[in-house]
Amino acid sequence: MTNSLSTQSLHDLNVHDLALLLKNKQVSSVELAEHFLRRSHKHAQLGAYVAVDEATTLAQAQAADQRIAQGNAGALEGVPIAHKDIFVTRDFVTTAGSRMLKGYRSPFDATVVSKLATDGAVTLGKLNCDEFAMGSSNENSAIAPVGQETVTPVRNPWNVERIPGGSSGGSATAVAARLAPAATGTDTGGSIRQPAAFCGITGIKPTYGRASRYGMVAFASSLDQAGPMARSAQDCALLLSSLCGPDLDRDSTSLDMPAEDYSRKLNDSIEGLRIGIPKEFFGEGLADDVRTAIDAALKEYEKLGAKLVPINLPRTALSIPVYYIIAPAEASSNLSRFDGVKFGHRAKNYTDLADMYKKTRAEGFGDEVKRRIMIGTYVLSHGYYDAYYLQAQKIRRMIADDFQNAFKQCDLIAGPVAPTVAWKIGAHKDPLADYLADIFTLPGSLAGLPGMSVPVGFGEGGMPVGMQLLGSYFQEARLLNAAHRFQQATDWHARKPEGF
Ligand code: GLN
């Protein structure tokens, strides 16, 4: 490592700069991997990682260093990243946060994982998440983090008494605490955007179908999307270009569109950009501290030349019942594969096949997952299908249409990601409290739109506030451009929690 580099901590550098340093041989991938593994070990009390394997990571880093030496480097060659434990990986166990998959090793890598690896990314390990990505606080994980004996919640580095958000909570904590320069996440109803907001980092969920779902442990297949979580829009653009793209043979909802260079428009002017402000996102339920930070960010956008346009998304409130019918319905079907026969946990004592199924599922699934399976089975059952599931599908279409109407008046939509900042661990005793807090992320998910979270300040207790940006289909580059211009004018995304 050169002297100029040693003055700045490696973990404070962004993916973009790390890739450049690696290519110029100013730092080696092995050095970087060792640095981040050491930090992850040192800050194990945060509970971010659920699997690490030093030998595997270092072997990947060595291979990357070799490719760099041969002048054969990919866009992310040698950059260490970590994956949400919902992506299956050959070299690391995959649990999806569930007892059902404890110790499970997949025979293949998820497409998102292999695409990033093809571009040279090195895997630091697997990150904690809510069980099967169901949750908003990461308190639903059934897996003990690396370095801890028992199941303990992931902690938010801005205040370790608070949740990091969920379901990609481990990813958000790891990136915010500089235990990884970037991470993957998945977003079904907000699981990239909300934890990014709660931990003061940047995350993007692309248009549904843009990233392959192959090898993503399925929650709700018509909603699940993968995306990057990093510290800046610039880094998100780089990672998104790598992980997106068609995978037609393996994912039937993968879109047949070539991968895009999402960095190309980052520096475009946003003069005249019309930002829609949905009235329904700024109602009574929004906490004052979040509102204040968002208002200030919108003023900044006006200074940058954007125009704020009042719009309506009249069915915003309906997105909660609609999502909490459709997502559990699909989950109940997806999770039927965990029956103790093909893979995962199997009960030890049982009398016959039916008893084996019952005991396996009773032991393997946690409370929230069981709740969703029951709701899903109910809304899909004869007699209730029309009353609940079909109605929900119809309203889902109307919610998507509302967005298309709104996009006639504006180019992007801005609002809060969540009604409050991250709450205290254990504060939400009733699962409904979690569901209600999803109100601003669910509409975009139901419509299949791309969305992101950008840090815009701090609220109650010094906790980060995230602003949500939503675009119409395939407007990822425009979202990233708007976020990048904001990040060049402000430094919220560069702030870091004390002690990290
Ligand atoms: N909080 C939402 C839920 O519990 C969203 C989760 C997600 O996006 N994976 O379903």
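Preceding this section is the structure that the text describes.
Here the structure is a predicted model, which is why all the values come from computation and not from measurement. (Residues numbered from 1 in each chain as written. Predicted model: local features only at pLDDT ≥ 70, side-chain atom pairs only at ≥ 80, totals over all residues. Heavy atoms only, no water.)

Participant: Teacher, can you tell me more about the overall build of the chain here?
Facilitator: If you tally the helices and strands in the chain, you get 16 helices and eleven strands. Projected onto its principal axes, the C-alpha positions of the chain cover 70 × 55 × 45 Å. For the chain, buried positions account for 61% of its 500 residues. Partitioning the contacts of the chain with sequence separation of at least 6, the portion at a separation of at least 24 is 78%. As presented, the chain carries roughly 18700 Å² of accessible surface, and 52% of it is formed by carbon and sulfur atoms. Computed over 51 positive and 53 negative side-chain charges, the separation of the two mean positions in the chain equals 1 Å. (Helix = DSSP H or I, 4+ residues; strand = E, 2+ residues; numbered from the N terminus. Buried < 20%, exposed > 50% of the residue type's maximum accessible area, 1.4 Å probe, protein only. Contact = heavy atoms within 4.5 Å. Areas by Shrake-Rupley, 256 points an atom, 1.4 Å probe, with all protein chains shown as cover. Lys, Arg positive; Asp, Glu negative; His and termini not counted. Charge placed at Lys NZ, Arg CZ, Asp CG, Glu CD.)

Participant: So what exactly am I meant to see when it comes to the site of the ligand here?
Facilitator: In the region of the ligand, 15 residues are neighbours, and Ala 133, Gly 189, Ser 191, Tyr 323 and Arg 372 sit closest. A distance of 2.6 Å separates an oxygen atom of the ligand from a polar side-chain atom of Ser 191. A distance of 3.4 Å is found between an oxygen atom of the ligand and a side-chain nitrogen or oxygen belonging to Tyr 324. Here the ligand loses 99% of its free accessible area of 300 Å² to cover by the protein chains. Of the residues that constitute the shell around the ligand, the class distribution is five nonpolar, seven polar and three charged. (Near = heavy atom within 4 Å. Polar contact = N/O pair within 3.5 Å; in protein donor to acceptor, adjacent residues only side chain to side chain. Nonpolar A, V, L, I, M, F, W, Y, C, P; charged D, E, K, R; others polar.)

Participant: Help me understand the packing of helix H3 (residues 29-42) against helix H4 (residues 54-69), please; the structure alone is not making it clear to me.
Facilitator: Each pair of packed helices gets described by two things: the angle between the helix axes and the distance between those axes. Following both chains from N to C, one finds H3 and H4 inclined at 155°, their axes separated by 8 Å at the closest point. Our classification of the angle between H3 and H4 gives roughly antiparallel. Between H3 and H4 lies a crossing of right-handed hand. Residue-level contacts link Ser 29, Val 30, Ala 33, Glu 34 and Leu 37 of H3 to Glu 54, Thr 57, Leu 58, Ala 61, Gln 62, Ala 64 and Asp 65 of H4. Each residue belonging to the contact of H3 with H4 can be placed in one class, and the counts come to six nonpolar, three polar and three charged. (Axes fitted to C-alpha atoms, helices over the stretch in contact; angles between N-to-C directions. Parallel < 35°, antiparallel > 145°, perpendicular 65-115°, else oblique. Left-handed = near helix turned anticlockwise from the far one by under 90°.)

Participant: How do you make sense of the nonpolar core when you look at a structure like this?
Facilitator: Burial of nonpolar side chains together is a common tendency in soluble globular proteins. Counting residues in hydrophobic clusters, the biggest one holds 145 residues, and the most contacted among them are Phe 132, Leu 469 and Leu 480. Here this core gets nine residues from one element, more than from any other, and that element is helix H10 (residues 319-334). Setting aside residues up to four positions removed in sequence, Phe 132 forms contacts with Ile 86, Ala 96, Ser 98, Met 100, Leu 101, Val 217, Phe 219, Leu 335, Phe 338, Phe 365 and Val 369. Grouped together as the second largest cluster of nonpolar side chains are six residues, Val 30, Ala 33, Leu 58 and Ala 64 included. (Core = buried A, V, L, I, M, F, W, Y, C linked by side-chain atoms within 4.5 Å.)

Participant: Teacher, can you tell me more about the side chain of Thr 89 here?
Facilitator: Summarising the element assignment, Thr 89 is placed in the loop between strand S2 (80-84) and helix H5 (111-118). A polar atom in the side chain of Thr 89 sits 2.7 Å from the side chain of Lys 126. Beyond its immediate stretch of four places on either side in the chain, Thr 89 contacts Thr 94, Ser 106, Phe 108, Asp 109, Val 113 and Lys 126.

Participant: How should the packing of aromatic side chains be read in this particular structure?
Facilitator: By convention here, two paired aromatic rings are described through the distance between centres and the angle between planes. Enumeration over the complete set of coordinates arrives at 18 aromatic pairs. Where Phe 198 meets Trp 423, the ring centres are 5.5 Å apart and the plane angle is 80°; that geometry is what we call edge-to-face. Within this pair, whereas Phe 198 is found in helix H7 (residues 193-199), its partner Trp 423 is found in the loop between strand S9 (412-416) and helix H14 (431-436), the two being separated by 225 residues in sequence. Judged by centre distance (6.4 Å) and plane angle (90°), the rings of Phe 338 and Phe 365 are edge-to-face. Remark: Phe 365 occurs in the loop between helix H11 (353-364) and helix H12 (367-380) and Phe 338 occurs in the loop between H10 and H11; sequence separation between them is 27 residues. With a relative accessible area of 2%, Phe 365 lands in the buried category. Ring-pair connections join several aromatic residues into one group, and the members of that group are Tyr 104, Phe 132, Phe 338, Phe 343 and Phe 365. (Phe/Tyr/Trp six-rings, centres within 6.5 Å; stacked < 30°, edge-to-face > 60°.)

Participant: Help me out: how do you make sense of the pairing of S9 in this one?
Facilitator: For a regular strand, the rule is simple: side chains alternate between the two faces of the sheet. In terms of burial, S9 is a largely internal element, five of the five residues being buried. As defined by bridge partners, strand S7 (residues 274-278) adjoins S9 across two bridges and the pair is classed as parallel. Each residue of the ladder has a partner; that of Ile 275, found in S9, is Leu 412. As defined by bridge partners, S9 adjoins strand S11 (residues 464-471) across five bridges and the pair is classed as antiparallel. Counted as the bridge partner of Leu 412 is Gly 471 from S11. (Pairing = 2+ DSSP bridges.)

Participant: Which parts of the structure should I look at to understand the pattern of salt bridges?
Facilitator: Any two side chains of opposite charge can pair, on the condition that their charged atoms come close. Counting across every chain of the model gives 21 salt bridges. Measuring nitrogen to oxygen at the nearest pair gives 3.0 Å for the salt bridge that ties Asp 12 to Lys 496. Of this pair, Asp 12 sits in the loop between helix H1 (3-6) and helix H2 (15-23) while Lys 496 sits in the segment after helix H16 (476-489), and the two are 484 residues apart along the sequence. Salt-bridge contacts for Asp 109 lead to Arg 90; the nearest nitrogen and oxygen are separated by 3.8 Å. (Salt bridge = Lys/Arg side-chain N within 4 Å of Asp/Glu carboxyl O.)

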